[in-house]
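For reference, the chains in residue letters:
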Amino acid sequence: MSDTIFSRIIDREIPADIIYEDEQALAFRDISPQAPVHFLVIPKKPIAKLSDATPEDQALLGHLLLVAREVAAQEGLEDFRLNVNNGAGASQTVFHLHVHVLGGRSFSWPPG
Ligand code: AMP
């Protein structure tokens, strides 16, 4: 997988507002927030998109959801939305797997 802006954030080559880190994952605030709270949870392992994950990533993928839940609580969110864009046709722009976590406002369904 080619280097992305998110691997540069993991490596501290560019700044980000990091709000959680452990051995496997990082969470930081989205630079262009779409809600009062909007952060991204990413694996440190460079998986380009969800379609590229394999059965060996099962625990890692579950971990990302638990981190999302934990950081959402840390941010004071009771209700929140998770979003994973998979591929350019689904509006993915950074090809390092990330879970968007949005909260602090109400959301409609279906999404646009
Ligand atoms: P996606 O369209 O699902 O690939 O989402 C990529 C997200 O990354 C967008 O919401 C961007 O605002 C966000 N983003 C891009 N560059 C940065 C950055 N340097 N720091 C934080 N968030 C970023």
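Look a little higher up for the structure.
Owing to the predicted nature of the structure, the values given are computational and were not obtained by experimental measurement.

Now for the overall build of the protein. When its secondary structure is counted, the protein shows two helices and five strands. Listing every helix and strand of the protein by position from the N terminus yields α-β-β-β-α-β-β. Computed over its C-alpha atoms, the radius of gyration of the protein comes to 13 Å, within 12% of the 13 Å expected for a compact globule of 112 residues. Oriented by its inertia axes, the alpha-carbon framework of the protein measures out at about 35 × 30 × 25 Å. Taking all 112 residues of the protein together, the buried fraction comes to 39%. For the protein, the proportion of contacts with a sequence separation of at least 24, taken over those separated by at least 6, is 55%.

Looking now at the site of the ligand. Taken together, 16 residues surround the ligand, and among them Asp30, Asn85, Ser91, Thr93 and His98 come closest. The backbone of serine 91 places a nitrogen or oxygen atom 2.7 Å from an oxygen atom of the ligand. A distance of 2.8 Å separates an oxygen atom of the ligand from a polar side-chain atom of histidine 100. Protein contact buries 84% of the 510 Å² of open area that the ligand shows by itself. Judged by the fraction of its atoms near the pocket grid, the ligand is located in the largest pocket. When contributions to the shell around the ligand are tallied by element, the ones reaching two or more residues are α1 (5-10) and β2 (25-29). The dominant element in the shell around the ligand, judged by the number of residues it contributes, is α1, at three residues.

All right, on to the layout of surface pockets then. Estimates place the volume of the largest pocket at around 800 Å³. Lining the largest pocket are 33 residues, and of these Asp30, Gln34, His38, Asn85 and His100 sit closest to its centre. When contributions to the lining of the largest pocket are tallied by element, the ones reaching two or more residues are α1, β2, β3 (37-43), β4 (80-83) and β5 (99-103). By residue class, the composition of the lining of the largest pocket is 16 nonpolar, 12 polar and five charged.

On to helix α2 (residues 58-74). Its 17 residues place the ends of α2 25 Å apart at the C-alpha level, agreeing with the 24 Å of an ideal helix rising 1.5 Å per residue. Here α2 has its buried residues at Leu60, His63, Leu64, Val67, Ala68, Val71 and Ala72. Glycine 76 lies just past α2 and shows a positive phi near 80°.

Within the secondary structure layout, arginine 12 lies in the loop between α1 and β1 (18-21). Apart from residues no more than four positions distant in its own chain, arginine 12 is found in contact with Ile18, Glu21 and Leu26.

Parameters and conventions
Starting from 1, residues in each chain are numbered consecutively following that chain's sequence as written. Per-residue local features of the predicted model are confined to residues with pLDDT of at least 70, and side-chain atom pairs are confined, for both listing and counting, to 80 or more; whole-chain, interface and lining totals are unaffected and use all residues. Values shown for side chains rest on all heavy atoms present in the structure; no hydrogens or waters enter the calculation. By the criteria applied, helices consist of DSSP H or I runs no shorter than four residues and strands consist of E runs no shorter than two, each listed in order from the N terminus. Using C-alpha atoms as the atom set, the radius of gyration is obtained and then compared with a globule rule of 2.2 Å times the number of residues to the power 0.38. Burial status follows relative accessibility: with a 1.4 Å probe on protein chains alone, a residue under 20% of its type maximum counts as buried, one over 50% as exposed, and anything between as partly exposed. A contact between two residues is defined here by any heavy atoms of the two lying within 4.5 Å. Whether a residue is near a molecule or strand is decided by its heavy atoms; if any one of them lies within 4 Å of it, the residue is near. Here a polar contact is taken to be a pair of N or O atoms separated by no more than 3.5 Å, where protein atoms must pair a possible hydrogen donor with a possible acceptor and residues adjacent in sequence count only if both atoms sit in side chains. Areas reported here follow the Shrake-Rupley algorithm with a probe of radius 1.4 Å; residue values treat only the protein chains shown as occluding. Both site types are read off a 1 Å grid over the protein atoms alone. A 1.4 Å probe that fits but cannot get out defines a cavity, while an open set with protein on both sides within 12 Å along at least five of seven lines defines a pocket; lining residues have an atom within 4 Å of a point. A cavity or pocket is said to hold a molecule if more than half of that molecule's atoms lie within 2 Å of its grid points. Grid points are joined across faces, edges and corners, and a volume is the space filled by probe spheres set on the points. In this classification, Asp, Glu, Lys and Arg are treated as charged, Ala, Val, Leu, Ile, Met, Phe, Trp, Tyr, Cys and Pro as nonpolar, and every other residue, Gly included, as polar. By this rule the span expected of a helix is its residue count minus one, scaled by 1.5 Å.

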